[in-house]
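# Results of the structural survey
Each chain, written out:
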Amino acid sequence: MEEIKSSLHKWGEELVDVHLPRWHELPELELYMDQVITLVERYLSPIISKEKHTLLTSSMVNNYVKLGLIPAPKKKRYNQKHLAFLIAITLLKQVLTIPEIKQGILFQGAAVGIREAYNLFCEEQEASLAVVVAQALGQDPLPAFSQPISVEYLVVKGATLSFATKLFTEKVIELEEKYLKENGEHENE
């Protein structure tokens, strides 16, 4: 069991400094589909393992356009707004349905504007990750999550915390399975 604790600690250390790019940090240049996919994967690969999950494909992007989650590109080029939406959608689809994500985006965008909603999402996702990172490091997770939030932002808080706890749970299960395999123990015994 000490192996699990040690591996979990190492995983937590890898996530301590995770930073999601804020709106002003996203490229202002218009990008083609393959560039967008590469960037989104670069931003999110420290959080979501590409070996376990397909982060983003051109088919997914095209479906998001068809479903009205993101605006259509202009002349096959994507901008900051597209990147922000795709980063949020890629994380949120791990815990919410596409209709729920669409409703959340529409609500938050209407409440505070797209830029502010995206930046808030990034802040909340980092705060939620800090909670599970603290747990992984054997620290008190509450200080990282003690900031009160207004009612308008409870959906963002809940969604980002759901994603972080899912990520943590998957990691613990993965480490337990690895431990059982390495030690010749079987689940049915």
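So, here is what we can say about the structure in this document. Since this is a predicted model, take the numbers as computed values, not measurements.

Criteria and cut-off values
Residues numbered from 1 in each chain as written. Predicted model: local features only at pLDDT ≥ 70, side-chain atom pairs only at ≥ 80, totals over all residues. Heavy atoms only, no water. Helix = DSSP H or I, 4+ residues; strand = E, 2+ residues; numbered from the N terminus. Rg over C-alpha atoms; globule rule 2.2 N^0.38 Å. 1 Å grid on protein atoms, 1.4 Å probe; cavity = no way out; pocket = protein on both sides within 12 Å on 5 of 7 lines; lining within 4 Å. Points joined across faces, edges and corners; volume = space filled by probe spheres on them. Nonpolar A, V, L, I, M, F, W, Y, C, P; charged D, E, K, R; others polar. Contact = heavy atoms within 4.5 Å.

## Things to note about the overall build of the protein chain
- Counting its secondary structure elements, the protein chain contains seven helices and zero strands.
- Along the protein chain, helices (α) and strands (β) appear in the sequence α-α-α-α-α-α-α when read from the amino end.
- Here the C-alpha radius of gyration of the protein chain, 18 Å, is about what a compact globule of 189 residues would show, namely 16 Å.
- The C-alpha extent of the protein chain, read off along each of the three principal axes, is 55 × 35 × 30 Å.

## Some remarks on empty space enclosed by the protein
- By the definition in use, this model includes one cavity of 30 Å³ or more.
- Within this model, the largest cavity holds a volume of roughly 40 Å³.
- Within the lining of the largest cavity, the residues separate by chemical class into three nonpolar, two polar and two charged.

## Things to note about the environment of Gln135
- Residue placement: Gln135 occurs in helix α6 (residues 114-136).
- In this structure the C-alpha to C-alpha distance between Gln135 and Leu20, which are 115 residues apart in sequence, comes to 20 Å.
- Apart from the residues lying within four places of it in its own chain, the contact partners of Gln135 are Pro141 and Phe168.

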